[in-house]
Amino acid sequence: TANCQSGVFLCYASPKGHTLLDARLYLPQCWFTDAYAPRRRDCRVPEGLKFQTKPQLAAALGQELWATGLFPGQWVTCDVSFGNNEGFLAQLPASLYYLAEIPCTRQVWLKHAPGHPALESEGRTVEFLVATPGLLGWRSRKITEGAKGPLVASFARVRVYVSAERTPASERWLLVRNDPGGKLKYALSNAPEGVAFGELIRVSAARWPIERCFQEDKSELGLDHYEHRSWTAWHRHMRLVFLAHLFLVRLRRRYKKKPRR
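Residues numbered from 1 in each chain as written. Predicted model: local features only at pLDDT ≥ 70, side-chain atom pairs only at ≥ 80, totals over all residues. Heavy atoms only, no water.

Draft legend 1. Molecular detail of helix α8 (residues 208–220). The end-to-end C-alpha separation of α8 is 18 Å, in line with the 18 Å expected for 13 residues at 1.5 Å each. Listed in full, the buried residues belonging to α8 are Pro209, Ile210, Cys213, Glu216 and Asp217. With its buried residues spanning 130° around the axis, α8 presents them on a single face. Residues of α8 that are buried in the fold lie against β1 (6–14), β2 (17–26), β3 (75–78), α7 (197–205) and α9 (231–255). Backbone geometry just after α8 places Gly222 at a positive phi near 80°. (Helix = DSSP H or I, 4+ residues; strand = E, 2+ residues; numbered from the N terminus. Expected span 1.5 Å × (residues − 1). Buried < 20%, exposed > 50% of the residue type's maximum accessible area, 1.4 Å probe, protein only. Arc of directions from axis to C-beta. Contact = heavy atoms within 4.5 Å.)

Draft legend 2. Spotlight on a positive patch on the surface. Together, Lys16, Arg250, Arg253 and Arg254 line one region of the surface with positive charge. Along the chain, Lys16 falls in the loop between β1 and β2. Residue classification places Lys16 among the exposed residues on the basis of a relative accessible area of 57%. (Patch = residues over 30% accessible without salt bridge, like charges linked within 9 Å, V, L, I, M, F, W, Y side chains within 5 Å. Areas by Shrake-Rupley, 256 points an atom, 1.4 Å probe, with all protein chains shown as cover. Salt bridge = Lys/Arg side-chain N within 4 Å of Asp/Glu carboxyl O. Lys, Arg positive; Asp, Glu negative; His and termini not counted. Charge placed at Lys NZ, Arg CZ, Asp CG, Glu CD.)

Draft legend 3. Layout of the layout of surface pockets. The calculated volume of the largest pocket comes to roughly 1500 Å³. Lining the largest pocket are 50 residues; nearest its centre among them are Cys11, Tyr12, Ala13, Ala206 and Ile210. A per-element tally of the lining of the largest pocket places β1 first, with 8 residues. Taken together, the residues of the lining of the largest pocket sort by class into 30 nonpolar, 10 polar and 10 charged. Empty space within the second largest pocket amounts to approximately 730 Å³. Looking at the second largest pocket, it is lined by 23 residues, and the ones nearest its centre are Cys4, Gln5, Ser6, Leu25 and Trp234. Among the secondary structure elements, those contributing two or more residues to the lining of the second largest pocket are β1, β2, α8 and α9. Residue composition of the lining of the second largest pocket, grouped by class: 15 nonpolar, 5 polar and 3 charged. (1 Å grid on protein atoms, 1.4 Å probe; cavity = no way out; pocket = protein on both sides within 12 Å on 5 of 7 lines; lining within 4 Å. Points joined across faces, edges and corners; volume = space filled by probe spheres on them. Nonpolar A, V, L, I, M, F, W, Y, C, P; charged D, E, K, R; others polar.)

Rendered as structure tokens:
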């Protein structure tokens, strides 16, 4: 057992930079029982607050962000805890495409499987599809520049359905990524069938700035160096860290081409 505060975070990434935009503290369901009333009061948790799962918190944060119109984008990416939640994905704006990670046990139905007709009528896990010889065609691409040189991953994609009914509404892209070291990642996308393979690869690589945001904010800006014990203080601290990061991003952009200054 250790002290832990868990939150849901939104990150924005573009060719101009990346930064965290907003966050909400996650409270376990037990905190909303009568037994925890004194603790909620001591930690200044708002009285009218109701329990929300992490996908519900993320959906609410997204709705607030998109309503501002300040951060236009075409894609949303998320990890398995959100990508495997169809309710969360259904709440995303219809104008956005998503690339959402899923577990290896997620079942899908192939749209076309030459030489493997059973895979069209019978659902299989995405892990099973990768292990099927000759089913997927792989491409190698550089995903980022590492400390020891470029990092190269292999990618494969295939058109699938996420339900046995094989309806047009359930059609998705399945993107498989084989990272250096052999770690496989699986993701579903609602992008149209005509989207370029390279675009899916580009968006997959855009997950990297999210990890960079946490690394930079924790090591340089105090994201994990605090002792707050109240709802209000936690959110204030997050906002201050985000503002500091955004300030540094602006400085980097301003002076990137002017090293003498």
